[in-house]
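# Analysis of the macromolecular model
These are the residues of each chain, in order.
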Amino acid sequence: MSNKISRRRIITTGLAALSSVAGLDAAAKIADRYGLLAPDHQGIFGVGEALTYGAQRLLTSHHSMAREFSRSEISDVSPVNHGHPDYDPYQRMLFNKFKDWRLYVDGLVARPMSFSLADLKSLPSRTNITQLTCEEGWSYIAAWTGVPLALILNLVGASAKAKWIVFYPFNDFWGSIDIVEALHPQTLLAHGMNGEDLTPDHGAPIRLRIPRQLGYKNLRYIARISVTDSLKNIGDGTGSAAPEIGYSWYGGI
Ligand SMILES: Nc1nc2c(c(=O)[nH]1)N[C@H]1C(S)=C(S)[C@@H](COP(=O)(O)O)O[C@H]1N2
Ligand SMILES: [Mo]
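All of the points below concern the structure found in this document.

## Let's talk about the environment of Ser116
On the secondary structure map, Ser116 appears in the loop between β2 (113-115) and α5 (117-122). Taking relative accessible area as the criterion, Ser116 reaches 14% and is therefore assigned buried. Apart from residues no more than four positions distant in its own chain, Ser116 is found in contact with Trp101 and Arg102.

## Topic: the site of ligand 1
Pro79, Tyr140, His202, Arg207 and Arg220 are the nearest of the 19 residues found near ligand 1. Between Asn81 and ligand 1, the recorded distance is 3.0 Å, taken from a backbone N or O atom to an oxygen atom. When ligand 1 is considered free in solution it has 530 Å² of accessible area, and contact with the protein chains removes 95% of it. Split into classes, the residues belonging to the shell around ligand 1 amount to 10 nonpolar, five polar and four charged.

## Re the sheet that holds strand β10 (residues 222-228)
Strand order in the open sheet formed by five strands is β2-β1-β10-β5-β6, and the pairing between neighbours is mixed. Looking at which strands have only one partner, the edges of the open sheet turn out to be β2 and β6 (175-178). Pairs of neighbouring strands in the sheet enclose a mean axial angle of 20°, with direction left out of account. Relative to β10, strand β1 (residues 103-107) is paired through four bridges, and the arrangement is parallel. Following the sheet pairing, Gly107 is matched in β10 by Val227. Along the sheet, helix α6 (residues 149-156) makes contact with β1, β2, β5 (164-169), β6 and β10, crossing β2 at roughly 140°.

## Quick word on the side chain of Asn128
Checked against the element boundaries, Asn128 lands in strand β3 (residues 126-133). Classification of Asn128 as buried rests on a relative accessible area of 6%. Here the side chain of Asn128 touches Gln186 through a polar contact of 3.5 Å, landing on its backbone oxygen. Ignoring anything within four residues of it in the chain, the contact list for Asn128 reads Glu68, Ala142, Ala143, Trp144, Gln186 and Leu188.

## Here's the deal with the environment of Lys217
Along the polypeptide, Lys217 turns up in the loop between β9 (207-209) and β10. Taking relative accessible area as the criterion, Lys217 reaches 7% and is therefore assigned buried. Distance in space between the C-alpha atoms of Lys217 and Cys134 is 9.5 Å, their sequence separation being 83 residues. The residues touching Lys217, leaving out its near neighbours within four places in the chain, are Ser176, Ile177, Leu208, Ile210, Trp249 and Gly251.

## Here's the deal with the packing of aromatic side chains
The tally for this structure, following the rule as stated, stands at nine aromatic pairs. In textbook terms, an aromatic cluster arises when at least three aromatic residues are bridged by ring pairs, as seen for Tyr90, Phe98, Phe170 and Tyr221. Directly above the aromatic system of Trp144 lies the positively charged group of Arg209, at a separation of 4.1 Å from the ring centroid.

## As for the pairing of β6
Residue alternation in β6 divides its side chains into two sets, Gly175 and Ile177 and Ser176 and Asp178, and both sets are buried. Strand direction decides the pairing type here: β5 and β6, joined by four bridges, are antiparallel. Counterpart to Ile165 in the pairing with β6 is Ile177.

## Quick notes on the pattern of salt bridges
Scanning all chains against the criterion turns up six salt bridges. With a closest N to O distance of 3.7 Å, Arg102 and Asp119 form a salt bridge. Here Arg102, found in the loop between α4 (90-95) and β1, pairs with Asp119, found in helix α5; they are 17 residues apart in sequence, far enough to count as distant. Residue classification places Arg102 among the partly exposed residues on the basis of a relative accessible area of 32%. Two residues, Asp197 and Lys121, come together in a salt bridge whose shortest N-O distance is 3.0 Å.

Reading guide: rules and limits
Residues numbered from 1 in each chain as written. Chains lettered and ligands numbered in written order. Predicted model: local features only at pLDDT ≥ 70, side-chain atom pairs only at ≥ 80, totals over all residues. Heavy atoms only, no water. Helix = DSSP H or I, 4+ residues; strand = E, 2+ residues; numbered from the N terminus. Buried < 20%, exposed > 50% of the residue type's maximum accessible area, 1.4 Å probe, protein only. Contact = heavy atoms within 4.5 Å. Near = heavy atom within 4 Å. Polar contact = N/O pair within 3.5 Å; in protein donor to acceptor, adjacent residues only side chain to side chain. Areas by Shrake-Rupley, 256 points an atom, 1.4 Å probe, with all protein chains shown as cover. Nonpolar A, V, L, I, M, F, W, Y, C, P; charged D, E, K, R; others polar. Pairing = 2+ DSSP bridges. Axes fitted to C-alpha atoms, helices over the stretch in contact; angles between N-to-C directions. Phe/Tyr/Trp six-rings, centres within 6.5 Å; stacked < 30°, edge-to-face > 60°. Lys NZ or Arg CZ within 6 Å of the ring centre and 35° of its normal. Salt bridge = Lys/Arg side-chain N within 4 Å of Asp/Glu carboxyl O.

Worth remembering: the numbers are spatial, not functional.
Below, the structure written as structure tokens:
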């Protein structure tokens, strides 16, 4: 409890300083209402993370869009960060051209569903030409085509209580995003890149394409998506595998 109060005070002080119009009380109410605490915040480092997360959420709102580019700006080379998983069951799925693959969507939903790749490709799609930026210092521009994640969440009837969307890929690099990011119009379950099917190295059969966040949030080779109101009991409770290797849960750019 005391831990919660002190965290809240630090965060709301930061919000008040940033927004300047809001007094401390108003900032406290906003932080409470939106639950502006990143799931991996803890101790002294967590405070910085929570502040950035809370401040960006207030300042950028639901509607801020990542920059989109023209076709002529698509990069000639699309780097790959480590290849696709070289072990079963991914290799088996790949061998069968993902005919046996299904995307499972479960959790706080009215209708748990699974989708074949053909199902996903038959849904309305969008193409965004955006930049993928890796935290290691490289980036490239590509055209990603896929189903808006919001559409999938509507199909399965995600609960109004939904706060986090958790992604389980074929490797152990699982992760999560919040519902605001999940419903953002540029957030795609991408099955295509530069007019072709997604290659294995770029995340086949589908990857999360979330251009407002750094490369490491753009999870590849997804097998299952789960909707939840709490990350506490998932993994170590910090919302992804990323904090375990030193990356913060929030990768906004
Ligand atoms: N499942 C999974 N997704 C992942 C990764 C990973 O190791 N496993 N690496 C991430 C990182 S650090 C980056 S920069 C991007 C790279 O995407 P690309 O290889 O398609 O360029 O994928 C991200 N998605
Ligand atoms: Mo990355």
